[in-house]
Amino acid sequence: MTNSSGIGLFDSGIGGLSIARKVRELLPSENILYVADSLHAPYGDKADSFLLARMRAITEFLVSHGAKVVVVACNTATTSAIAELRSQYSVPIIGVEPGIKPAALRSRTGVIGVLATPRTLETNAFFSLAERYASGVKIEVQSCPDLAAQIESLSFDSDRTIALLKRYISPLLEKRVDTIILGCTHYNHVSHLIAELAGPDVAIVNTATAVANEVVRRLTTEGLLAVNNGVGSDDFWTNGALDVYRNQIEQLWGQGKNIFQL
Ligand code: DGL
C-alpha cells in the first residue's frame, strides 16, 4: 500500500457524494475515487445477496484502482451487508449508518424520527442500532420509496420533490418527533428543504461529518494518510448514462473532474 493511493467511496448514485464532500474538506491532499452504481439504483428495494454482490464488485474495482480505504457511502448497503463485506477483504471498510445514537442523545421529548429506504428499515443492523442506542427513546420510522430516485434527478426544488418530502415528513411531525435522522445519504442533498418543512423545533441529524472523521481516524491509525501537501485528484465512475452523471458531478462537485464510464 502506498500513501499516494486514494480513498474509495461508492453508493447507488449521488447520495455518497455528500460523504465524499466532507472527506474532501477534511483531507484536501487525498485522492478521491468515487463510484456511482447507477445501473443498479435504487439500492433501497434490493435484497441483501444482490447488494453484497454489488459491494464486492465495486470494492474490488476500487482496490484495483488504488483505494487504501473503502467507504460504503450508503446506509442501505451498510446495514444490509457490511459485516460480510468486511469479512472478505483486508482493506479497511467504513460504513454509514442512520445516526440513532446522536439523535437519541440530543432528543428532549424522547421521540425521534428516521427517514430511510425500505430496505434499511428492515435490516437486523437497523434493529440492533435501535436496541443499542435508543433505550428510553421512541423511534418513529418512515420509509421513503422513490425519494432517492427523485433526488438523482437534481430537481431539488421541484413540486414533485417537495410533495414527496411533505408526504414522508408529515407523519413524523404528527407523531411529534423533535429530531429527524437522514438515514439515506441521498437525503443529505435536500437537508435544507427537510429542515424548512420540519420547522425550527425539529433538529436534523446526518452522519456525514462523523463518517469523514472516522476516515481520518482510520487512515491516521493505520499510517495511511497522504504524505504530500498537494491537492488530491477526484475521479468519478458510473455504469449509468455518462452525460447524466457528468451533469450531476458538475452540479454537486464542480467542473473539470475526471469522469469515466465503468
Ligand atoms: N444512498 C443510499 C442510502 O444511503 C441508497 C439509496 C437508494 O439507492 O435507494 O441508503
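Just above sits the structure.
Computed from a prediction, not measured in an experiment: that's the story for all the values here.

Quick notes on the rules
Residues numbered from 1 in each chain as written. Predicted model: local features only at pLDDT ≥ 70, side-chain atom pairs only at ≥ 80, totals over all residues. Heavy atoms only, no water. Axes fitted to C-alpha atoms, helices over the stretch in contact; angles between N-to-C directions. Helix = DSSP H or I, 4+ residues; strand = E, 2+ residues; numbered from the N terminus. Parallel < 35°, antiparallel > 145°, perpendicular 65-115°, else oblique. Left-handed = near helix turned anticlockwise from the far one by under 90°. Contact = heavy atoms within 4.5 Å. Near = heavy atom within 4 Å. Polar contact = N/O pair within 3.5 Å; in protein donor to acceptor, adjacent residues only side chain to side chain. Areas by Shrake-Rupley, 256 points an atom, 1.4 Å probe, with all protein chains shown as cover. Nonpolar A, V, L, I, M, F, W, Y, C, P; charged D, E, K, R; others polar. Pairing = 2+ DSSP bridges. Disulfide = S-S within 2.5 Å.

**Student:** When you look at the packing of helix α8 (residues 159-174) against helix α9 (residues 191-198) in this model, what are you seeing that I'm missing?
**Tutor:** Running from N to C, α8 and α9 point in directions that differ by 50°, and their axes come no closer than 10 Å. Here α9 runs oblique to α8, going by the angle between their axes. In the crossing of α8 with α9, the sense of the turn from one axis to the other is right-handed. Facing Ile162, Leu165, Lys166, Ile169 and Leu173 of α8, the residues of α9 in contact are Leu193, Ile194, Leu197 and Ala198.

**Student:** Just checking my understanding: could you explain the site of the ligand for this structure?
**Tutor:** Every one of the 13 residues lining the ligand counts as a neighbour, but Ser12, Tyr43, Asn75, Thr76 and His186 are closest to it. In the environment of the ligand, an oxygen atom lies 2.8 Å from a nitrogen or oxygen atom belonging to the backbone of Gly44. At 2.8 Å from an oxygen atom of the ligand is found a main-chain nitrogen or oxygen belonging to Asn75. With the chains in place, 98% of the 300 Å² that the ligand exposes on its own is no longer accessible. Each residue belonging to the shell around the ligand can be placed in one class, and the counts come to 5 nonpolar, 7 polar and 1 charged.

**Student:** How do you make sense of the sheet that holds strand β9 (residues 234-238) when you look at a structure like this?
**Tutor:** Working definition: the strands of a sheet are paired by backbone hydrogen bonds and lie parallel or antiparallel to each other. Taking strand neighbours across the sheet as the criterion, the 6 strands line up as β4-β3-β1-β2-β9-β10 in an open arrangement whose pairing is parallel. The strands lining the two open edges of the sheet, one partner per strand, are β4 (93-95) and β10 (258-261). Across the sheet, the mean angle from the axis of one strand to that of its neighbour is 20°, orientation sign disregarded. With 6 bridges joining them, strand β1 (residues 6-11) and strand β2 (residues 31-36) adopt parallel strand pairing.

**Student:** I keep staring at the packing of helix α1 (residues 17-26) against helix α10 (residues 208-221) and nothing clicks. Help me out?
**Tutor:** Working note: a packed helix pair is described by the angle between its axes plus the distance between those axes. Running from N to C, α1 and α10 point in directions that differ by 50°, and their axes come no closer than 8 Å. In terms of axis orientation, α1 runs oblique to α10. As α1 runs across α10, the sense of the crossing is right-handed. Along its contact with α1, which presents Ser18, Ile19, Lys22, Val23 and Leu26, the element α10 presents Ala208, Thr209, Val211, Ala212, Asn213, Val215 and Val216. Partitioning the contact of α1 with α10 into residue classes produces 8 nonpolar, 3 polar and 1 charged.

**Student:** Looking at this model, I keep getting lost on the state of the cysteines. Mind explaining?
**Tutor:** Should the sulfur atoms of two cysteines be covalently bonded, the bond is a disulfide. Summed over all chains, the structure comprises 0 disulfides. You can see Cys74 has no disulfide; the closest cysteine sulfur is in Cys184, sitting 6.6 Å from it.

Just distances and angles here, no functional claims.
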